[in-house]
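This is what each chain is made of:
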Amino acid sequence: MTAHSEAMGAPAGLDHCPFMPTYAAPAVQFVRGQGTRLWDRDGNEYLDFLTGLAVVGLGHAHPEVADAVAEQARTLVHVSNLYATVPGTEVAITLDRLLGGGGQVFFTNSGAEANECAIKLARKWGGYGRHKVVSAFGSFHGRTLAALAATGQPAKWEPFQPLPEGFVHVPFDDLDALEAAIDPSCVAVLLEPVQGEGGVNPASVRFVEGARRLCDERDLLLIMDEVQTGLGRTGEWFGYQHFGVEPDVVTLAKALGNGMPIGACWARRDVAAAFSPGDHGTTYGGQPLAASAARATLAVMEREGVPQLAERAGAHLRHAVELLPGVVEVRGLGLLLAAQLADGLDAKAIAADALAVGLIVNPVTPTALRFAPPLLVSADEIDAAVAILAEVLAAHVDARALGVSR
Ligand SMILES: Cc1ncc(COP(=O)(O)O)c(C=O)c1O
């Protein structure tokens, strides 16, 4: 193994960091990608088992998506949502079909905006006095103020108080707590089928089924945040399909544009009817360039049958990672997995060492590594990634045994 990641600090070639300090200083500057591989500015190659946080589902520089974007850039880039465009219309129709039909779509530029749309829609649907959204601790729904208020991570709220009112949180997977939290001012339950940023924690069937039942009994909307889990990643088109429920509202982003920024909020038509012209809007959301990427992405995903590919590749990756030194559990669904590490192992240090020898994985918690490779990842690429990780983990397990910190 050769070490080739750049020193932490300013991006290579710069003597200071030009970015606001919202992220740790970037360790590597990438210049090119192809499929599961990335290259940095020194020509070092990496296996990308994170795909820009579960975004580049078809892999980097997918030729059909690249051609679609290039062609669209020469044809029509932007007209605003005062008008319709062909790519946007086709993507909305395809999404509605994949989601079972009978719904309508609002396009956004991001996952947080998709959730903002869902929250506003739920409030409008509920009417005055019915506005509270119940979500789970450990969830992640975005960084805008309402999405942050819905996010079940109090440490992320503290510096930004006061947050918008009308959000209630219950322990994840605790049906009794959910039932107890619902009062007449509640209008929706907002859930991730697998909590992604919270550590790759799948919900139980009992919890999701129970949430659906409670929403039916109390006349609440069930909003599924599929921003990370949607579009094949978990081995189904949508994560909720593992649980045998039908949501009323679904939010999407990440994989939809294979890296071009586009998100979507889908709702049953009778729910979407709560919005009137002027209630919500966006200058860019679903503009033709992003929508052309989404149209090509969805076409490739359907042709290749990405849910089945993710299911098969996910089983391969899971079994290989389960055998690695220092791994006590692998959890998740499809190709959204996390390896829980043995006591005393530091996920951040392990991910940094993996990066240094050409493998990108994410320390999703201090003690767990997240894997979200392209849905088209090959068995050989999985084996190569696991081999790199095996060496890195072995070194950390040995260092722990010797009482040495790495
Ligand atoms: C489940 C979920 N919802 C919402 C978001 C926010 O999406 P974005 O960063 O595009 O605003 C994320 C991002 O990680 C997510 O994982």
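Structure first, text after, so check above.
Residues numbered from 1 in each chain as written. Predicted model: local features only at pLDDT ≥ 70, side-chain atom pairs only at ≥ 80, totals over all residues. Heavy atoms only, no water.

**Overview of the overall build of the chain**
Of regular secondary structure, the chain possesses 13 helices and 17 strands. The globule rule puts the C-alpha radius of gyration for 406 residues at 22 Å, and the 21 Å found for the chain is close to it. Projected onto the principal axes, the alpha-carbon positions of the chain cover approximately 60 × 55 × 45 Å. Counting only residues that meet the buried cut, the chain has 55% of its 406 residues in that class. A sequence separation of at least 24 residues applies to 70% of the contacts in the chain between residues at least 6 apart. Surface exposure of the chain reaches about 17,300 Å², of which carbon and sulfur atoms provide 56%. The centroid of the 29 positive side-chain charges in the chain is displaced by 3 Å from the centroid of its 46 negative side-chain charges. (Helix = DSSP H or I, 4+ residues; strand = E, 2+ residues; numbered from the N terminus. Rg over C-alpha atoms; globule rule 2.2 N^0.38 Å. Buried < 20%, exposed > 50% of the residue type's maximum accessible area, 1.4 Å probe, protein only. Contact = heavy atoms within 4.5 Å. Areas by Shrake-Rupley, 256 points an atom, 1.4 Å probe, with all protein chains shown as cover. Lys, Arg positive; Asp, Glu negative; His and termini not counted. Charge placed at Lys NZ, Arg CZ, Asp CG, Glu CD.)

**Topic: the pairing of strand β10 (residues 221-225)**
For β10, the buried fraction is high: five of the five residues fall into the buried class. Residues of β10 alternate between two faces, with Leu221, Ile223 and Asp225 on one and Leu222 and Met224 on the opposite face, all of them buried. Bridge count between strand β7 (residues 186-191) and β10: four bridges; the pairing is parallel. Bridge pairing links Val189 to Leu222 in β10. (Pairing = 2+ DSSP bridges.)

**Brief notes about the pattern of salt bridges**
Under the criterion given, the structure shown has 17 salt bridges. The partner of Glu45 in a salt bridge is Arg37, and the shortest N-O contact between them spans 2.8 Å. The partly exposed category is assigned to Glu45, whose relative accessible area is 36%. Ionic pairing is found between Arg295 and Glu90, a salt bridge with its closest N-O pair at 3.2 Å. With Arg295 in helix α10 (residues 288-304) and Glu90 in helix α3 (residues 86-98), this residue pair connects regions lying 205 residues apart in the sequence. By relative accessible area, Glu90 is classed as partly exposed at 38%. When salt bridges that share partners are traced, they join Arg212, Asp216, Asp248, Arg268 and Asp270 into one network. (Salt bridge = Lys/Arg side-chain N within 4 Å of Asp/Glu carboxyl O.)

**Considering the site of the ligand**
In the vicinity of the ligand, 13 residues are found, and the nearest of them are Gly111, Ala112, Asp225, Gln228 and Lys254. Between the ligand and Gly111, the relevant distance is 2.8 Å, taken from an oxygen atom to a main-chain nitrogen or oxygen of the residue. Within the side chain of Lys254, an N or O atom sits 3.1 Å from an oxygen atom of the ligand. Look at the ligand: alone it shows 390 Å² of surface, and the protein chains cover 82% of it. Broken down by element, the residue count for the shell around the ligand peaks at three residues, all from helix α4 (residues 111-126). Grouping the amino acids of the shell around the ligand by side-chain chemistry returns three nonpolar, six polar and four charged. (Near = heavy atom within 4 Å. Polar contact = N/O pair within 3.5 Å; in protein donor to acceptor, adjacent residues only side chain to side chain. Nonpolar A, V, L, I, M, F, W, Y, C, P; charged D, E, K, R; others polar.)

**A closer look at the sheet that holds strand β17 (residues 368-371)**
The strand order β13-β14-β17-β16 describes an open sheet built from four strands, whose pairing is antiparallel. Here the strands that pair on one side only, and so sit at the sheet edges, are β13 (327-333) and β16 (362-365). Averaged over all neighbouring strand pairs, the angle between strand axes comes to 30°, with direction disregarded. The pairing of β16 with β17 spans two bridges and is classified as antiparallel. Counterpart to Asn362 in the pairing with β17 is Arg370. Running over the sheet, helix α11 (residues 306-322) touches β13, β14 (336-341) and β17 and is turned about 165° from β13. (Axes fitted to C-alpha atoms, helices over the stretch in contact; angles between N-to-C directions.)

**Observations concerning the sheet that holds strand β4 (residues 103-108)**
Across the sheet, which stays open at both edges, the seven strands sit in the order β4-β12-β11-β10-β7-β5-β6 with mixed pairing between neighbours. The open sheet has two free edges, formed respectively by β4 and β6 (167-170), since each of these has just one partner strand. Taken over all neighbouring pairs, the strand axes of this sheet differ in orientation by 20° on average, direction set aside. Bridge count for strand β5 (residues 132-136) against β7 is three bridges, and the pairing is parallel. Its bridge partner being in β7, Lys132 is matched across the sheet by Cys186. Here α3 sits on the sheet and contacts β4, β11 (249-252) and β12 (263-268); the angle it forms with β4, its principal contact strand, is near 130°.

**Section: the packing of aromatic side chains**
Within the structure shown, the criterion is met by three aromatic pairs. Ring centres of Phe238 and Tyr240 lie 5.8 Å apart, and the angle between their planes is 5°; on these two criteria the pair is classed as stacked. Each member of the pair Phe238 and Tyr240 is classed as buried. In this structure, Arg32 is placed above the aromatic ring of Trp39, and the distance from its NZ or CZ to the ring centre is 4.1 Å. (Phe/Tyr/Trp six-rings, centres within 6.5 Å; stacked < 30°, edge-to-face > 60°. Lys NZ or Arg CZ within 6 Å of the ring centre and 35° of its normal.)

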